[in-house]
Amino acid sequence: MNNISTIGKKCFGCSACKAVCPKTAIKMQENEEGFLVPVIDENKCVYCGKCGNVCPALNRWKNDENNKNMHIYAYKNEDVEVLNNSTSGGFFSKIIKEKKPEWICGCIQNSNLKVEHLLTNNILNAKKMCGSKYVQCDLNDVFQKIKEKLCVKESVLFSGTSCQVHGLLNYLDIMKVPTENLTTVDLICHGVPSPKIYFDFLHFYEKAKNVEIQKHKSRSKKYGWGIDLGTLNYAQTIFTKHKVDDSSLEANLWQNAFFSDFCIRESCYSCPYTTIKKPAEYTIGDFWGVEKIFPNQNFSDGCSLVIVKSANAQKLLDGITDLEVNKEDIQCVVSKQARLTQPIKCPENREQ
């Protein structure tokens, strides 16, 4: 059958198939584990094959082993407020400031606590994109909106997981949309947890504490930042009307669920993007072990690892930091980032 009706557990949930469908025959619906998957209306489908051609799970990322244009940097934002509100070193905020895109697309937590992608030209909304959200987001219809902006030559910065970036690039390629005004940023990703289980956690907290949650922050710098802190880097914070809770057992349950790897999407266990050569122009994450490579710098309040794949992307980094990793230290960087070499392992009793 010439559509993706049998994609099953291989699906990344990027929604590129929904965006490319010329008959709007595909909807993203929640499966039994709480992940969004494509569901096809066979009455509308004309079997054009576009959904299969755009799917990053069926058209795997071709990792370019020739990394001669790749450079790795350490970056720490000079704005203390930005640094405190960022998970690592605040590079995402800096690239917005430097690139000045007309439109910014990234992941936010909305007023209903749902984690979703938003395309905006409002800098206050863009600030909500800072910081990690440890749950898979809903991309809604941002791919189509990005296409519309690029077609009228407006600039767009898109940030997301590698599979989302790959899906977007495939979609724009099939739709023959020029991408010279597109900037892409992806993440060193552990794997995406189920939104359904995430809401179970939030509702459990509200019931246990008899409160209504206004916001959840997946990581804080209450204890500082750095590899020696271990799990303290992942302290959770719950905001309610009258209290901020960053210490209770109930508030930190999501950290336990996340690192148990039980509630991760099944396709993450065979992720093809666990490589230093990812789809986006810029790859960002925590620069674990940075103090060993740049011992004369202070990174106790955070540092971003930034990997750039092109000469054009490198120009921006050359202008904002002189902390470039030497080629002989690249393996040291990779050794501290397990998700740059292999996917997470599926727990033996996950299905149970």
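Preceding this section is the structure that the text describes.
What counts, and at which threshold
Residues numbered from 1 in each chain as written. Predicted model: local features only at pLDDT ≥ 70, side-chain atom pairs only at ≥ 80, totals over all residues. Heavy atoms only, no water. Helix = DSSP H or I, 4+ residues; strand = E, 2+ residues; numbered from the N terminus. Rg over C-alpha atoms; globule rule 2.2 N^0.38 Å. Contact = heavy atoms within 4.5 Å. Salt bridge = Lys/Arg side-chain N within 4 Å of Asp/Glu carboxyl O. Buried < 20%, exposed > 50% of the residue type's maximum accessible area, 1.4 Å probe, protein only. Pairing = 2+ DSSP bridges. Axes fitted to C-alpha atoms, helices over the stretch in contact; angles between N-to-C directions. Core = buried A, V, L, I, M, F, W, Y, C linked by side-chain atoms within 4.5 Å. Parallel < 35°, antiparallel > 145°, perpendicular 65-115°, else oblique. Left-handed = near helix turned anticlockwise from the far one by under 90°. Nonpolar A, V, L, I, M, F, W, Y, C, P; charged D, E, K, R; others polar. Arc of directions from axis to C-beta.

A.B. asks: Looking at this structure, how should I read the overall build of the chain?
C.D. replies: Assigned secondary structure in the chain consists of 12 helices and 12 strands. For a compact globule of 352 residues, the expected C-alpha radius of gyration is about 20 Å, and the chain comes in at 20 Å, within 12% of that figure. Overall, the C-alpha framework of the chain stretches about 60 × 55 × 40 Å when taken along its three principal axes. Residue pairs at least 24 apart in sequence account for 72% of intrachain contacts in the chain once pairs closer than 6 positions are excluded.

A.B. asks: I would appreciate a short explanation of unusual backbone geometry in the present structure.
C.D. replies: Across residues other than glycine, the phi torsion is negative in most instances, and most of the peptide bonds are trans. Although it is not a glycine, Tyr47 adopts a positive phi angle of roughly 55°. Among the secondary structure elements, Tyr47 is positioned in the loop between β2 (36–40) and α2 (50–54).

A.B. asks: Honestly, the environment of Cys189 in this entry has me stumped. Any pointers?
C.D. replies: Mapping Cys189 onto the fold places it in the loop between β7 (182–187) and α8 (195–209). Cys189 sits 29 residues away from Gly160 along the chain, and the two C-alpha atoms are 9.6 Å apart. When near neighbours in sequence (up to four residues on either side) are disregarded, Cys189 contacts Thr161 and Arg339.

A.B. asks: What is the right way to read the pattern of salt bridges from this model?
C.D. replies: When the charged atoms of two side chains lie near each other, side chains of opposite charge can form a pair. Here the structure, examined in full by the defined rule, presents 12 salt bridges. Among the salt bridges present, the one from Asp138 reaches Lys114, with a minimum N-O distance of 2.9 Å. With Asp138 in the loop between α5 (123–127) and α6 (142–151) and Lys114 in the loop between β4 (103–109) and β5 (115–120), the pair connects residues that are 24 residues apart, well separated along the chain. Here Asp138 falls in the buried class, since its relative accessible area comes to 15%.

A.B. asks: I'm lost on the sheet that holds strand β8 (residues 213–217) in this one. Help?
C.D. replies: Note: strands within a sheet are paired through backbone hydrogen bonds, in either parallel or antiparallel orientation. What the 3 strands build is an open sheet, ordered β8-β9-β10; its pairing is antiparallel. At either margin of the open sheet sits one strand with a lone partner, and together these are β8 and β10 (244–245). Bridging between β8 and strand β9 (residues 237–240) involves 4 bridges; their strand directions are antiparallel. Bridged to His216 within β9 is Ile238. Sheet strands in contact with α8 are β8, β9 and β10, and its direction is about 125° off that of β8.

A.B. asks: When you look at the nonpolar core in this model, what are you seeing that I'm missing?
C.D. replies: Nonpolar side chains tend to gather and get buried jointly when the protein is soluble and globular. Core analysis: the largest hydrophobic core is formed by 42 residues, its most contacted members being Phe287, Val290 and Phe294. For this core, the secondary structure elements donating two or more residues are β3 (71–75), α8, α9 (253–260), α10 (290–293), β12 (304–308) and α12 (330–335). Not counting the four nearest positions on each side in its chain, Phe287 is found in contact with Tyr73, Ala74, Trp225, Ile293, Cys303, Ser304, Leu305, Val325 and Val333. Ile7, Ala16, Trp103 and Ala280 belong to the second largest nonpolar core, which has 38 residues in total.

A.B. asks: Is there a simple way to think about the side chain of Thr240 in this case?
C.D. replies: Summarising the element assignment, Thr240 is placed in strand β9. With residues up to four places along the chain from it excluded, the contact list for Thr240 reads Val211, Glu212, Ile213 and Gln214.

A.B. asks: When you look at the packing of α6 against helix α7 (residues 162–174) in this model, what are you seeing that I'm missing?
C.D. replies: Helix-helix packing is characterised by the crossing angle of the two axes and by the distance between the axes. It is the contact of α6 with α7, at a shortest axis distance of 11 Å, that shows an interaxial angle of 50°. Taken together, the axes of α6 and α7 lie oblique to each other. When the axes of α6 and α7 are compared, the crossing they make is right-handed. The segment α6 lies against α7, with Phe143, Gln144, Ile146, Lys147 and Leu150 engaging Gln164, Gly167, Leu168, Tyr171 and Leu172. Of the residues assigned to the contact of α6 with α7, the class counts are 6 nonpolar, 3 polar and 1 charged.

A.B. asks: Whenever I open this one, helix α11 (residues 311–320) confuses me. Can you help?
C.D. replies: Every buried residue of α11 is accounted for by Ala313, Gln314, Leu316 and Leu317. Looking down the long axis of α11, one finds its buried residues gathered within 155° of arc, a one-sided arrangement. With respect to the buried face of α11, the exposed residues turned more than 90 degrees away are Lys315 and Gly319.

A.B. asks: Explanation requested: α6 in the structure shown.
C.D. replies: Working note: α-helix, 3.6 residues per turn, so residues spaced by three or four point in the same direction. The set of residues buried in α6 consists of Val142, Phe143, Ile146, Lys149 and Leu150. Buried residues of α6 fall within an arc of 120° about the axis and therefore sit on the same side. Residues of α6 that are buried in the fold lie against α1 (16–20), β4, β5, β6 (156–160), α7 and β7. Downstream of α6 by one or two residues, Lys153 has phi in the positive range, about 65°.

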